[in-house]
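# Summary of the model geometry
So the chains spell out like this:
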Amino acid sequence: MPFRTRPGQPRDLLALIEGELRERLADAVDAVSLEVMVRRRRNQGLSEPIADNEGDREEFTAGVRTFLERLRADLLPALSADQRTKAAEAASRAGADPLAHLMAAQVALARELPDYWQRFEAVRLAFTGECAG
């Protein structure tokens, strides 16, 4: 019996899991960037970000990159050489986009580390505390 998927999803179970993990991670990273933007603006008495405002989109994208860089910096020291290699190999297959490199490495680590989401949460808490103030 074939594995059931929604239209447009891969039929291969491993590809499906990878796609779902990438989507979950992207949503979590986006939420961190948005939370920092909203909290920082509230603290400064500024208006909340608007989705179709070009400047707000640029600030949001910069926040995503900054958080992914922080996540990489905080997680890498605790990784084994094999885990670092897997993350680097995944990033190298992601193409030329720097955000895609950072995200691909995190997807690889999420697959590799059983406590990835606990580590993610610890970095998220520290990052939002430092950046939103």
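In this text, all values refer to a predicted model and were calculated from it rather than measured experimentally. (Residues numbered from 1 in each chain as written. Predicted model: local features only at pLDDT ≥ 70, side-chain atom pairs only at ≥ 80, totals over all residues. Heavy atoms only, no water.)

### Side note on the side chain of T128
Defined as follows: Helix and strand labels come from DSSP, where a helix needs a run of H or I of at least four residues and a strand needs a run of E of at least two; each type is numbered from the N terminus. Polar contacts here mean pairs of N or O atoms no more than 3.5 Å apart (in protein, one a potential hydrogen donor and the other a potential acceptor; neighbouring residues in sequence count only if both atoms are side-chain atoms). We call two residues contacting when some pair of their heavy atoms lies within 4.5 Å.
Relative to the assigned elements, T128 resides in helix α5 (residues 116–131). Of the polar contacts made by the side chain of T128, one reaches the backbone oxygen of L125; its length is 3.3 Å. Aside from chain neighbours lying at most four places away, what touches T128 is V32, E35, V36 and R39.

### Describing the packing of helix α2 (residues 54–75) against α5
Each pair of packed helices can be summarised by the angle the axes make with each other and by the distance between the axes. Put simply, the rule is: The axes are straight lines fitted to the C-alpha atoms, using for helices just the contacting stretch, and the angles between their N-to-C directions are given from 0 to 180°. In what follows, roughly perpendicular refers to angles from 65 to 115 degrees, roughly parallel to angles under 35, roughly antiparallel to angles over 145, and oblique to any angle outside these ranges. A clockwise turn of the near helix away from the far one marks a right-handed crossing, whereas an anticlockwise turn of less than a right angle marks a left-handed crossing. Only Asp, Glu, Lys and Arg are considered charged in this grouping, and only Ala, Val, Leu, Ile, Met, Phe, Trp, Tyr, Cys and Pro are considered nonpolar; every other residue, Gly among them, is considered polar.
Contact pair α2 / α5: the axes reach a minimum separation of 10 Å and the direction vectors enclose 125 degrees. For the element pair α2 / α5, the angle class is oblique. Considering the relative orientation of α2 and α5, their crossing is right-handed. For the pair α2 and α5, contact is made by G63, T66, F67, R70, L71, D74 and L75 and by Y116, R119, F120, V123, R124, A126, F127 and E130, respectively. Among the residues forming the contact of α2 with α5, the class breakdown is eight nonpolar, two polar and five charged.

### Section: the nonpolar core
So the rule is basically this: The criterion is simple. A nonpolar core is a set of buried Ala, Val, Leu, Ile, Met, Phe, Trp, Tyr and Cys residues joined through side-chain atoms within 4.5 Å. Remark: exposure states derive from per-residue accessible area (1.4 Å probe, protein chains only) relative to the maximum for the residue type, with buried under 20%, exposed over 50%, and partly exposed in between.
Judged by nonpolar contacts, the single largest core of 27 residues is most densely connected at L25, V29, F67, L71, L109, Y116 and F120. No other element matches the seven residues that helix α1 (residues 13–43) contributes to this core. With sequence-adjacent residues up to four places away left out, Y116 is seen in contact with L25, L71, L75, Q106, L109 and A110.

### Points about the packing of aromatic side chains
Just so we agree on the cut-off: Two aromatic rings, drawn from Phe, Tyr or Trp (for Trp, its six-membered ring), form a pair once their centres lie within 6.5 Å of each other, and the interplanar angle then sorts them: stacked below 30 degrees, edge-to-face above 60, tilted otherwise. Only when the NZ of Lys or the CZ of Arg is both within 6 Å of the ring centre and within 35 degrees of the ring normal is a charge said to sit over the ring.
According to the stated counting rule, one finds five aromatic pairs in the structure shown. Between Y116 and F120 the ring centres are 6.2 Å apart and the planes differ by 45 degrees, which places this aromatic pair in the tilted class. Taken together, the residues Y116 and F120, both in helix α5 and four residues apart, mark about one turn of the helix. Residue F120 is classed as buried on the basis of its relative accessible area of 4%. Each member of the aromatic cluster is reached from another via a ring pair, and the members are F67, Y116, W117, F120 and F127. Just above the ring of W117 sits the side chain of R24; from NZ or CZ to the centre is 4.3 Å.

Function cannot be read off these values alone, since they describe shape.
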